[in-house]
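# Examining the three-dimensional arrangement
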Amino acid sequence: MRSEWLLEPDVTYLNHGTVGVTPRRVLAHQRAITDEIERQPARFMLRELADTHGTATTLPRLRVAAAAVADFVGVAAEDLVFVGNITTGANAVLRSFPFNAGDEIAVTNLGYGGVTNTAAYVARTIGGTLRTIELPQPGASADQFIHAIAAGLGAHTRLLIVDHITAATAMVLPLAQIAALCHNRGVLVFADGAHVPGNIPVDIDSLGVDWYAANLHKWAWAPRSCGLLWSAKQHQGYLHPTVISWGLDNGIAAEFDLLGTRDPTASLTAPFSIELLNEFGGDDGVTAIYRYNHELAWWAGQHLAECWGTRFATPEAMIGSMVNVRVPARLGSTADDADRLRAELGDAGIEVPVFAGTDQLTLRVCAQIYCDRADIEHLGDAVAKLAAN
Ligand SMILES: Cc1ncc(COP(=O)(O)O)c(C=O)c1O
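Residues numbered from 1 in each chain as written. Predicted model: local features only at pLDDT ≥ 70, side-chain atom pairs only at ≥ 80, totals over all residues. Heavy atoms only, no water.

## Considering the overall build of the protein
When helices and strands are counted, the protein shows 13 helices and 12 strands. The globule rule puts the C-alpha radius of gyration for 389 residues at 21 Å, and the 21 Å found for the protein is close to it. Along the three orthogonal principal directions, the C-alpha set of the protein runs to about 65 × 55 × 35 Å. Long-range contacts, defined as pairs at least 24 residues apart, comprise 68% of the intrachain contacts of the protein with a sequence gap of at least 6. When the accessible area of the protein is evaluated, it comes to approximately 16100 Å², of which 50% is carbon and sulfur surface. (Helix = DSSP H or I, 4+ residues; strand = E, 2+ residues; numbered from the N terminus. Rg over C-alpha atoms; globule rule 2.2 N^0.38 Å. Contact = heavy atoms within 4.5 Å. Areas by Shrake-Rupley, 256 points an atom, 1.4 Å probe, with all protein chains shown as cover.)

If you want it as structure tokens, here you go:
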């Protein structure tokens, strides 16, 4: 499959999750949409793309695309809008939610920095507080995560931001159970599913969260700047994008679909990228992609831990298409050590993120159908060699 991507031939690319890697065919499709726009830009951008006042007689192009994406992630299209990325979706929700002074926003220590900063900023502007809930490291069970959240919520917590798949540590959290316990305590839930669509099967409706933001440009192979924001109906009345434009107060589709003139091609290409996931999966469609990537990621966890004499204890049910593995203690534990290891692996032609933060460095390996066991073995040998020096 490697030839379906533009990746440099001599790089071992094990970092699909960071910013995604877009298949050639998806880029060609996006280019075709750009060409279509250029044939009559005013008609496309002003009359066909979005419906800001509810007057269109045919379904606007962004709504056609939203319907395909909604189907893929298990929601109704009317409750889903495109956003450029998770940060934009989180800002929209947190900066339009009617908080009261004294409210608390809870995040977790495993959350993504840009989103945590958004929460910190909003807590500051509303005269509220930010609480950071400490979650266990990889190796803990799903129940331990649920207990940590239950123990970490405070009396004034109004809203929890939690990853569906954690960023650096690559664990699939028991989101439905977390949402249920939060609701029992009167706490709303914003789920960060940056790594979810295309990585594991997802049915957002069944999770019981209040908002769900996800990227399609990571694992769903869409062009970059393609994310989604889903909102439960009861929160849509006060949900606005951070940039206000023509659709104000005409519903979330009208508000988010047109934020001034910008390039809509990434969002419009998302249905094609979903089709490609199904096409490349063969008879089993995207299920075959999930299966291949999961099996490779799971194998990588076992193989690398064995190769490096470290422990890999994440339960298989908490693994999607990527794994976080401890590297040999000899390679250090500080942020500088992490930077050095990442650079040394880069020099060896291996792209993989390395993290400090615990007593030992860890790295995250993403499986994707352009990788195979030989890539993982190459990483294993390279790290083992560095540790032996
Ligand atoms: C949990 C999580 N949230 C968000 C992001 C990225 O944020 P954005 O989509 O705004 O670039 C990542 C990126 O890896 C992530 O892991």
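Structure shown, so let's carry the discussion forward.
## Here we look at the pairing of strand 2 (residues 80–83)
Burial of the side chains of strand 2 extends over both faces: L80 and F82 are buried on one face and V81 and V83 on the other. By the bridge criterion, 4 bridges tie strand 2 to strand 8 (residues 227–231) in an arrangement that is antiparallel. Pairing of L80 across the sheet is with W230, part of strand 8. (Buried < 20%, exposed > 50% of the residue type's maximum accessible area, 1.4 Å probe, protein only. Pairing = 2+ DSSP bridges.)

## Things to note about the site of the ligand
Lining the immediate surroundings of the ligand are N85, I86, T87, Y112, D163, A167, D192, A194, H195, N215 and K218. Within the contact set of the ligand, an oxygen atom lies 3.0 Å away from a backbone nitrogen or oxygen of I86. Take K218: an N or O atom from its side chain is 2.8 Å from an oxygen atom of the ligand. Starting from 390 Å² of accessible surface for the ligand in isolation, the protein chains cover 88%. (Near = heavy atom within 4 Å. Polar contact = N/O pair within 3.5 Å; in protein donor to acceptor, adjacent residues only side chain to side chain.)

## Here's the deal with helix 12 (residues 335–347)
Taking 1.5 Å per residue as the helical rise, helix 12 with its 13 residues ought to reach 18 Å, and the 18 Å between its terminal C-alpha atoms agrees with that figure. Residues of helix 12 that are buried include every one of D337, A338, L341 and L345, and no others. Along the axis of helix 12, the buried residues cluster in a sector spanning 100 degrees; they form a single face. Of the exposed residues in helix 12, those oriented more than 90 degrees away from the buried face are D336, D339 and D347. If you follow the buried residues of helix 12, they end up packed against strand 10 (350–351), strand 11 (354–355), strand 12 (362–366) and helix 13 (373–388). Among the residues trailing helix 12, G349 stands out with phi positive, at a value near 85 degrees. (Expected span 1.5 Å × (residues − 1). Arc of directions from axis to C-beta.)

## Observations concerning the domain arrangement of the protein
By the assigned domains, the protein splits into domain 1 (31–275) and domain 2 (285–388). One C-alpha centre belongs to domain 1, the other to domain 2, and the line joining them spans 28 Å. A combined buried area of about 1700 Å² lies between domain 1 and domain 2, and 65% of that area is made up of carbon and sulfur atoms. In terms of residue class, the side of domain 1 that touches domain 2 is made up of 16 nonpolar, 8 polar and no charged. (Domains from an automatic or database assignment. Buried area = accessible area lost by both parts, 1.4 Å probe. Nonpolar A, V, L, I, M, F, W, Y, C, P; charged D, E, K, R; others polar.)

## Digging into the packing of aromatic side chains
Counting across every chain of the model gives 7 aromatic pairs. Between the aromatic rings of W5 and Y370, the centroid separation amounts to 4.9 Å while the plane-to-plane angle is 65 degrees, which identifies the pairing as edge-to-face. Of this pair, W5 sits in the segment before strand 1 (12–13) while Y370 sits in the loop between strand 12 and helix 13, placing them 365 residues apart in sequence. Take W5 and Y370: they sit in the same class, and that class is buried. One aromatic cluster is present, built from ring pairs that chain together W5, W221, F280 and Y370. (Phe/Tyr/Trp six-rings, centres within 6.5 Å; stacked < 30°, edge-to-face > 60°.)

## Some words on the packing of helix 2 (residues 24–39) against helix 3 (residues 41–48)
One can describe the packing of helix 2 onto helix 3 by two numbers: an axis separation of 4 Å at closest approach and a directional angle of 100 degrees. One way to sum up the angle between helix 2 and helix 3 is to call them roughly perpendicular. Residues E36, I37, E38 and R39 of helix 2 form the contact with helix 3, whose participating residues are P41, F44 and M45. (Axes fitted to C-alpha atoms, helices over the stretch in contact; angles between N-to-C directions. Parallel < 35°, antiparallel > 145°, perpendicular 65-115°, else oblique.)

## Considering the environment of G128
Here G128 lies in the loop between helix 6 (113–125) and strand 4 (129–133). Taking the C-alpha atoms as reference, G128 lies 28 Å from P174; in sequence the two are 46 residues apart. Apart from the residues lying within four places of it in its own chain, the contact partners of G128 are G102, D103 and A123.

## Some remarks on the pairing of strand 4
Sheet topology note: the strand 3 (residues 104–108)/strand 4 ladder contains 5 bridges and is parallel. Directly across from T108, in strand 4, lies its bridge partner I133. The β-α-β motif built from strand 3, the intervening helix 6 and the parallel element strand 4 has right-handed crossover chirality. (Right-handed = clockwise from strand over helix to strand, strands pointing away.)

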